[in-house]
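As a plain string of letters, each chain reads:
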Amino acid sequence: MVTKADLEAWEDQYGKIPDGAIVIMNSGWHDRYPDKTLVFNTSNPNDTTSFHFPSWGKDAVLWLIAHRSIHVLGVDVPSLDYGQSVDFPVHILISKENIPGLENVGYLDKIPESGTIISCAAMKIVDGSGSPVRVFALIPKFSDSNSAMKYHFSLFVLLCSLVSFKMLNDNF
């Protein structure tokens, strides 16, 4: 699971997570799609008690909520909580803070670890707990002639769902 120490190490390398950031864990799980036995890391993907995949640790999410002002939390795996979770603390924590969650985010290996502008387009679903979503990434590209940053547009995320317990009904 991603820990508070992992977040601090990331910030040591890339700088403080900016206010309003979309923070997405990239475990490299993209190589496992679309094989369900690999995605859920089990020989029996119909048995939820056998799931085994990485995700956010409770301590990391508590730290993000207390010390950073993020807008969205995401993962490249099937859930914001690790594979064998039975109490889903990450879902509960972000729900209380009205922070939407992205699951099954694809193509994270195609974008840099920081500096990308990400936009999420979700459908409004009345009384729903989730929605399909398209995620767009504007990736910085530096010009050789000067140090000015330019952006080029790329659509990366095809396999993604938005988990939002309150936001879908209140903020659209």
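Residues numbered from 1 in each chain as written. Predicted model: local features only at pLDDT ≥ 70, side-chain atom pairs only at ≥ 80, totals over all residues. Heavy atoms only, no water.

A. Looking closely at the environment of T116. With respect to the secondary-structure elements, T116 resides in the loop between β3 (101-103) and β4 (117-122). The class for T116 is buried, based on a relative accessible area of 17%. Considering only alpha carbons, one finds T116 and L138, 22 residues apart in sequence, at a separation of 5.7 Å. Those residues in contact with T116 that lie beyond four places of it in its chain are I111, A137, L138, I139 and P140. (Helix = DSSP H or I, 4+ residues; strand = E, 2+ residues; numbered from the N terminus. Buried < 20%, exposed > 50% of the residue type's maximum accessible area, 1.4 Å probe, protein only. Contact = heavy atoms within 4.5 Å.)

B. Quick look at helix α3 (residues 58-67). Within the sequence span of α3, burial applies to A60, V61, W63 and L64. Take α3 and look down its axis: the buried residues cluster within an arc of 160 degrees, on one side only. (Arc of directions from axis to C-beta.)

C. Examining the nonpolar core more closely. Formed by 25 residues in total, the largest nonpolar core has its most connected members in W56, L64 and L73. Taken together, the elements giving at least two residues each to this core come down to β1 (22-25), α3, β2 (72-75) and α4 (89-96). Sorting elements by how many residues they give to this core places α3 first, with four residues. L73 has contacts with V23, W56, V61, L64, L80, V90, I94, I99, P100, G101 and L102, leaving out every residue within four places of it along the chain. Counting residues in hydrophobic clusters, the runner-up holds ten residues, among them I24, V133, A137 and I139. (Core = buried A, V, L, I, M, F, W, Y, C linked by side-chain atoms within 4.5 Å.)

D. How the structure looks around the side chain of S85. Within the secondary structure layout, S85 lies in the loop between β2 and α4. Among the polar contacts made by the side chain of S85, one reaches the main-chain amide nitrogen of F88 at a distance of 3.0 Å. (Polar contact = N/O pair within 3.5 Å; in protein donor to acceptor, adjacent residues only side chain to side chain.)

E. Examining unusual backbone geometry more closely. Look at the link from Y33 to P34: it is a cis peptide, with omega at 5 degrees. Here P34 is to be found in the loop between β1 and α2 (36-39). Phi is positive for N41, which is not a glycine, with a value near 55 degrees. Relative to the elements of secondary structure, N41 occurs in the loop between α2 and α3. The phi dihedral of N98 is positive, around 55 degrees, even though this residue is not glycine. Inspection of the secondary structure puts N98 in the loop between α4 and β3.

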